[in-house]
Amino acid sequence: MQQFPCPFCGLRNEQEFHFAGEAGKIRPDTTRKVSAADWADYLYTQKNTMGEVREVWMHSPCAEIFILRRDSVSMAVLGVEQLRKNKP
Amino acid sequence: MTYSAFSLLREALRNHTGWKPAWRSPKPRAEYDVIIIGGGGHGLATAYYLAKNHNVGRIAVLEKGWLGGGNTGRNTTVIRSNYFYPESVALYELSMKLYEGLSRDLNYNVMFSQRGMLILAHSQPEMEIAARTVNAMRLNGVDADLLGPEDVRKRAPVLNFRDDARYPIHGAVFQGRAGTGRHDAVAWGYARGADQRGVDIIQNCEVLDVIVEGGVCKGVETSKGTIRAGRIGAAVAGHSSALAQMAGVSLPIQSYALQAFVSEPLKPVIDTVAFSPSAGTYFSQSDKGGLVIGGGLDRVPSYGQRGNLPMQEAVLSGLIEMAPAVAKVKLLRHWAGIVDVTPDSSPVIGPSGVDGLFLNCGWGTGGFKAIPAGGYLFAHLLATGTHHAISRPFDLDRFRSGYLVDEGAASGIAH
Ligand SMILES: Cc1cc2nc3c(=O)[nH]c(=O)nc-3n(C[C@H](O)[C@H](O)[C@H](O)COP(=O)(O)OP(=O)(O)OC[C@H]3O[C@@H](n4cnc5c(N)ncnc54)[C@H](O)[C@@H]3O)c2cc1C
Ligand SMILES: [Zn+2]
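Undergrad: A description of the overall build of chain B should follow, citing residues and the corresponding values.
TA: Within chain B one finds 12 helices and 18 strands. A compact globule built from 415 residues would reach a C-alpha radius of gyration of about 22 Å, and chain B, at 21 Å, matches this within 12%. Projected onto its principal axes, the C-alpha positions of chain B cover 65 × 60 × 40 Å. The proportion of buried residues among the 415 residues of chain B is 57%. The long-range fraction of contacts in chain B, counting pairs at least 24 apart against all pairs at least 6 apart in sequence, stands at 74%. If the 40 positive side-chain charges of chain B are averaged to one point and the 36 negative ones to another, these points end up 7 Å apart.

Undergrad: Provide a residue-level description of the coordination of the zinc ion (ligand 2), including the pertinent values.
TA: Residue and element names in this part refer to chain A. Around the zinc ion (ligand 2), the donor atoms from the protein are Cys 6 (SG), Cys 9 (SG), His 59 (ND1) and Cys 62 (SG), and they sit 2.0 to 2.3 Å away. Counting gaps between the donor residues of the zinc ion (ligand 2) yields the pattern C-x2-C-x49-H-x2-C. Highlighted residues: Cys 6 in strand β1 (residues 3-6) and Cys 62 in the loop between β4 (52-59) and β5 (64-71), separated in sequence by 56 residues. Since its relative accessible area comes to 29%, Cys 62 is described here as partly exposed.

Undergrad: Explain the packing of helix α2 (residues 41-53) of chain B against helix α7 (residues 183-196) of chain B residue by residue, including any values.
TA: Residues and elements named next belong to chain B. Packing of α2 against α7 leaves a shortest axis separation of 8 Å and a crossing angle of 30°. The pairing of α2 with α7 is recorded here as roughly parallel in orientation. With respect to the hand of their crossing, α2 and α7 are arranged in left-handed fashion. Residue-level inspection shows Leu 44, Ala 45, Ala 47, Tyr 48 and Tyr 49 of α2 in contact with α7, the latter providing Ala 187, Tyr 190, Ala 191, Gly 193 and Ala 194. Here the residues of the contact of α2 with α7 are counted per class, giving 9 nonpolar, 1 polar and no charged.

Undergrad: Talk me through the packing of α2 of chain B against helix α10 (residues 371-384) of chain B; I want residue IDs and the actual numbers.
TA: All names here are of chain B. It is the contact of α2 with α10, at a shortest axis distance of 7 Å, that shows an interaxial angle of 55°. In terms of orientation, α2 lies oblique with respect to α10. For the crossing formed where α2 meets α10, the hand is right-handed. Within the contact between the two elements, α2 uses Gly 41, His 42, Ala 45, Thr 46, Tyr 49, Leu 50 and Asn 53 and α10 uses Ile 371, Pro 372, Gly 374, Gly 375, Tyr 376, Phe 378, Ala 379, Leu 382 and Ala 383.

Here is what the cut-offs are and how they apply
Residues numbered from 1 in each chain as written. Chains lettered and ligands numbered in written order. Predicted model: local features only at pLDDT ≥ 70, side-chain atom pairs only at ≥ 80, totals over all residues. Heavy atoms only, no water. Helix = DSSP H or I, 4+ residues; strand = E, 2+ residues; numbered from the N terminus. Rg over C-alpha atoms; globule rule 2.2 N^0.38 Å. Buried < 20%, exposed > 50% of the residue type's maximum accessible area, 1.4 Å probe, protein only. Contact = heavy atoms within 4.5 Å. Lys, Arg positive; Asp, Glu negative; His and termini not counted. Charge placed at Lys NZ, Arg CZ, Asp CG, Glu CD. Donors = N, O, S within 2.8 Å, 3.2 Å for Na, K, Ca; no water. Axes fitted to C-alpha atoms, helices over the stretch in contact; angles between N-to-C directions. Parallel < 35°, antiparallel > 145°, perpendicular 65-115°, else oblique. Left-handed = near helix turned anticlockwise from the far one by under 90°. Nonpolar A, V, L, I, M, F, W, Y, C, P; charged D, E, K, R; others polar.

Treat this as a map of the structure, not an account of what it does.
Here it is as structure tokens:
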């Protein structure tokens, strides 16, 4: 069983994690008219990179949402980035 | 060489010394009229129908490994056309009809065994949805029956009819013409038929880059050198995004691992395919006696072509719920293939957006059943440059127009 690092809980079993999507996609600005092509791009187009990927994940038990960098071929974890802003 | 009862007998008598290789292994030429990338079922069937039904000149299939070494040789071989939307039914029913005549057409036994398929319903509300599915299938002209628990029990007594079943069997959607086939034979049969019609099948030839000149796709760089072509068709399944990227195209595809399992051989326990959406598992029994077991996708996008434990636990727990009697059966093998999943669980057949490059992909977890139709329709597209009416709805443009063929949601297929 593989373990993934949750920035809040530490290493936990992979089944507790939920893959949410590719990181870095920006939702079209809906205060302006959005073309069908831009919507399709945002909703459906995936980088689907073979190799190093940067993705949004959630650790379900604690609901922490964070960025996971991993290798999509070897499944090795390359790094985590916390999205939560700690109290100053 | 034509295969027949006579040739079998003759070879048996001379100790099988007279069999010839089923296809040549030619050196690639510098140029072809049409190149097909990917020697899985879809690529090979495309080459076969191109050579058989169209007049396009010289054709080559380029495969980075060995024929059928991708998902075609890794799948659980279920063939069915029990879909919901008319667009899908037209596609998968074309495939079913071609499968029904395939062994004869190819002079190669693909062992298509129409042993039927049960999709189990485990509650009264699920029975209502099952009735809706059956009605939709019949309206689309496809055979379907709604079975009650007694009928299911007669067809598959090994299933879980115990009083303490977590998922009691209320009935099933049954498609009698569904069944299983021999996956390797489908690849090899199409390869042999294509080769006999002059197609060059080139194995161990990986496409490393796509040559685009003036916005038009003109050929490919491969591990065996540059090969130019008038038209290029890609049928590379889970590696479609990587291939399209070579031409600067991004696709609405995510690659996932899908796993399967086969058990040690045992005496016959089931002579149909049984699928429980609630248990998340389906299984059938091969002619050799092994249980062939499959389930849902891994939840994590992946290009790692190997099995893993969390999904194994999920699928096998489902199997034991479905058929407690097989709980002690030992597994023989366990593997994964990388499948190409689209947002609407329907395939992509059509132009890529770069002139000269065409795509056949997005079959995800269910494209073995579609190999004959995928090949037939893709050949039409590559030969004429325009869609066959049946492939038109599966063009990439549906993601812009919003006209999705959302089978994942519609027919309750997890994959
Ligand atoms: C475990 C599992 C169970 C399944 N069960 C079923 C089922 O029961 N019923 C069903 O209908 N479907 C099933 N499927 C899905 C089915 O196997 C696929 O949809 C189908 O085989 C796809 O065929 P293909 O020819 O498109 O792809 P593949 O058979 O994967 O062929 C693609 C080929 O392209 C080659 N390739 C990739 N990149 C390159 C490159 N750069 N250069 C050259 N060659 C390249 C690969 O080596 C590969 O051989 C299952 C899949 C899996 C993994
Ligand atoms: Zn956590």
